[in-house]
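A structural walkthrough
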Amino acid sequence: MRMRRERRGAGAARHVAGGSKERGGGPGPGRPASPHAPSPLPEPAGRIPSQPGPGQDPPRAARPGEERGGRPGEEEAGAREVLSTFAKSVAAGARAGTRPCSHPGPPRSSARPGTVGGCMAPLTRAARPPAAAPPPSLLLPLLLLGVAGRAAPGLGSELQLERRSVPEQCPRTVRAGDFVRYHYVGTFPDGRKFDSSYDRGSTFNVLVGKGQLIAGMDKALVGMCVNERRFVKIPPQLAYGSEGVPDVIPPDSVLHFDVLLMDLWNSEDQVQVRTYFKPANCSRTIQVSDFVRYHYNGTFLDGTLFDSSHNRMKTYDTYVGIGWLIPGMDRGLLGMCVGEKRIITIPPFLAYGEDGDGKDIPGQASLVFDVALLDLHNPKDGVAVESTFLPQDCERRSRAGDFLRYHYNASLLDGTLFDSSYARNRTFDTYIGQGYVIAGMDEGLLGVCIGERRRVVIPPHLAYGEEGRGNIPGSAVLVFDIHVVDFHNPSDSVRVTSRYKPDNCSVLSKKGDYLKYHYNASLMDGTRLDSTLSLGKTYNIVLGSGQVVLGMDMGLRDMCVGEKRTVVIPPHLGYGEAGVAGEVPGSAVLVFDIELLDLVSGLPEGYMFIWNDEVSPNLFEEIDKDGDGEVLLEEFSEYIHAQVAAGKGRLAPGFDAAMIVESMFTNQDRDGDGRVTAAEFKLKDQEARHDEL
């Protein structure tokens, strides 16, 4: 639909001037033109200008601000002027021996200038000499003024009407002073056709009841509905009387017209708006300078479709109230809600006026738009944020530089879903306030709590702009329904909250201690990940040995047996960006509820075995039971285990004893030959780098 000025590329033109004029381009009902007619008369005053002939200037195009199709009252003033002019011509004709024209018949070669077949031609408002005769293809409708005459045989003086087809709905009927567009076929009683608007491919357009038609047609049109079809029999005294139209309509002819009314309007009409659907929630309506996206079907008053955005599968996008649209559409859209559907009926002087659009819309056409509003924003709009759920406990709110994980459903303003993290079964993870997401989302995610749900409405200039992206249309307002799963900052450390401590809490866990504890593991939104309670056994580790993620190692320190605490671990101290496939999402903050059940003190750092008593000065000889001067792994292992069993020594808790002993033996076997000699054998304090003995 061409409804706006050329401002933003193809399809954005507002055609109010120029182009072909699909108006009454031929003789009107009751005023036929002979197929041999060399030319019509100059157009009389009081009717819409017709298509110019060769050498004639086209009618002036309506300027911005002027009402298309003529200013209110102009047609009536013109009609009064032409009637006055016609009266004067009658008097002048009487003095000059001529008779007034009662028909618009084609001029004859014998007629003197200013007459038609010996009768005086009607004058225009500004008297002018007869124009050069246009070619026969430009037969144009003229004023059809009837005169009295005697009745034809078989038909009285009364007009006869037959309503052959009447629409079910008829909200308005023709009255005197209305402007109409209609098709017709004119025939004689024997069926011979003398004229037809269909043959010219354009409707006949004229004011009703203002003397621009023969009297019978003026009467016949009154009371008609758009899409009504009437068969009209007009007696000669209400048509062309006893004179007829030479070579076309014999004297005293009864005329038959088959009329179909296509359009109807009045100069006092305004834009008509009828809303047939309005959403329950209408928090905002269209105001001047708003930018809108809508679908429409454009029809004429008779229901003929001339354009549809649905057929192009693309909305019509435009500003409202700043002259980008025809005036009637500018007015008709004001006050609409997103989701609302309305019928907007626009008279031609608020649409494309006399000239039409030069393509699909004829001149003087009323337009009907069935509009569904999909989107609405103003260039001054910012991001709109509505919190739909806020958890009671909100210890921290997001700020620029934080890393967020959130789920979302993304839709257009009319509710059309275009994306969802739920459908992918994966959160969207990003930094905020650093340009990783569209500007509107960067702003909308600031100040959220973990677990909060909010709706973020983003105007297009803070989203994907005029171009859009993928399945997001250009100039679209975006609506995100967000659930914040967790967030953290790269500078965060482990956060520990002690929920319970026993009265006796003097022995605290430290690096190397062997711990047994229960835990429940979850995400920040409460999603359960794992639990030792469900397995029925404790989780056992040596603190500081790398057996758990660094954040858990940090969270278990300085804890006493019986204590309960909550440990919150950011992802860079947990499972990082990768997470654990199928178990822990990437970049997830982890929450552990822990209860320490047992603590076995570890050995001093760097030791895997220590003596509880004094070390024998003959230690090597005691281990070398066979006295061959060499200690094998079996001898070494048997001796160490015996010392542990007797309470004379301790192995580091939490590790496999056999592996510790084997590691100790390997450290003593310095040449790697599987035997330890007296020269190789040394205690811990005898050298700096040994973890055993």
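The shown structure was predicted, so the numbers you read here are calculated from the model rather than taken from an experiment.

1. A look at the overall build of the chain
Counting its regular elements, the chain contains twelve helices and 31 strands. Relative to its 693 residues, the chain shows a buried fraction of 50%. Sequence-distant contacts, at least 24 apart, represent 72% of the contacts inside the chain between residues at least 6 apart. In the form shown here, the chain has an accessible surface area of approximately 32400 Å², with 50% of it arising from carbon and sulfur atoms.

2. Focus on the state of the cysteines
Formally, a disulfide is one covalent bond, and it connects the sulfur atom of one cysteine to the sulfur atom of another. According to the stated counting rule, one finds four disulfides in the structure shown. The disulfide that involves C282 links it to C337, with 1.5 Å between the sulfurs. Of note, the bridge from C282 to C337 carries an S-S torsion of about -65 degrees and is left-handed in sense. Here C282 is found in the loop between β10 (272-277) and β11 (291-300), whereas its partner C337 is found in the loop between α5 (327-333) and β14 (341-346), with 55 residues between them in sequence.

3. Some points on the packing of aromatic side chains
Tallied over the entire structure, the rule returns 31 aromatic pairs. Note on Y296 and F369: the rings are 6.0 Å apart at their centroids and 65 degrees apart in plane angle, and the pair reads as edge-to-face. Taken together, the residues span a long stretch of sequence, with Y296 in strand β11 and F369 in strand β15 (residues 367-377) at a distance of 73 residues. Each member of the pair, Y296 together with F369, is buried. With a centroid separation of 6.2 Å and 85 degrees between ring planes, the pair formed by F418 and F480 is classed as edge-to-face. With F418 in strand β18 (residues 417-420) and F480 in strand β21 (residues 478-488), this pair connects stretches of sequence that are 62 residues apart. Assessed through its relative accessible area of 8%, F480 is described here as buried. Taken together, the ring pairs connect Y182, Y184, F188, F194, F204 and F257 into an aromatic cluster. Directly above the aromatic system of F231 lies the positively charged group of R164, at a separation of 4.1 Å from the ring centroid.

4. A closer look at the environment of P502
Along the chain, the position of P502 falls in the loop between β22 (495-500) and β23 (514-523). Sequence-wise, P502 and C560 are 58 residues apart; in three dimensions their C-alpha atoms are separated by 8.1 Å. Those residues in contact with P502 that lie beyond four places of it in its chain are C560, V561, G562 and E563.

5. Quick notes on the packing of helix α11 (residues 633-645) against helix α12 (residues 657-668)
It is the contact of α11 with α12, at a shortest axis distance of 10 Å, that shows an interaxial angle of 125 degrees. With respect to their mutual orientation, α11 and α12 come out oblique. When the axes of α11 and α12 are compared, the crossing they make is right-handed. Residues L633, F636, S637, I640 and H641 of α11 touch α12, and the partners they reach there are A657, V661, E662, M664 and F665. Looking at the contact of α11 with α12 residue by residue, the class counts come to seven nonpolar, two polar and one charged.

6. Description of the environment of F257
Within the secondary structure, F257 is located in strand β9 (residues 255-265). Residue classification places F257 among the buried residues on the basis of a relative accessible area of 0%. Each C-alpha atom of the pair F257 and G186 lies 4.6 Å from the other, and the pair is 71 residues apart in sequence.

7. Section: the side chain of E452
Within the fold, E452 resides in the loop between α7 (439-444) and β20 (453-458). The class for E452 is buried, based on a relative accessible area of 1%. Reaching out from E452, the side chain makes a polar contact with the backbone nitrogen of C449 at a distance of 2.8 Å. Of the polar contacts made by the side chain of E452, one reaches the side chain of R454; its length is 3.2 Å. Setting aside anything within four residues of it in sequence, one finds E452 in contact with S387, F389, L390, P391, R397, G447, I482, H483 and V484.

Rules used in this analysis
Residues numbered from 1 in each chain as written. Predicted model: local features only at pLDDT ≥ 70, side-chain atom pairs only at ≥ 80, totals over all residues. Heavy atoms only, no water. Helix = DSSP H or I, 4+ residues; strand = E, 2+ residues; numbered from the N terminus. Buried < 20%, exposed > 50% of the residue type's maximum accessible area, 1.4 Å probe, protein only. Contact = heavy atoms within 4.5 Å. Areas by Shrake-Rupley, 256 points an atom, 1.4 Å probe, with all protein chains shown as cover. Disulfide = S-S within 2.5 Å. Phe/Tyr/Trp six-rings, centres within 6.5 Å; stacked < 30°, edge-to-face > 60°. Lys NZ or Arg CZ within 6 Å of the ring centre and 35° of its normal. Axes fitted to C-alpha atoms, helices over the stretch in contact; angles between N-to-C directions. Parallel < 35°, antiparallel > 145°, perpendicular 65-115°, else oblique. Left-handed = near helix turned anticlockwise from the far one by under 90°. Nonpolar A, V, L, I, M, F, W, Y, C, P; charged D, E, K, R; others polar. Polar contact = N/O pair within 3.5 Å; in protein donor to acceptor, adjacent residues only side chain to side chain.

Any link to function would need more than the numbers given here.
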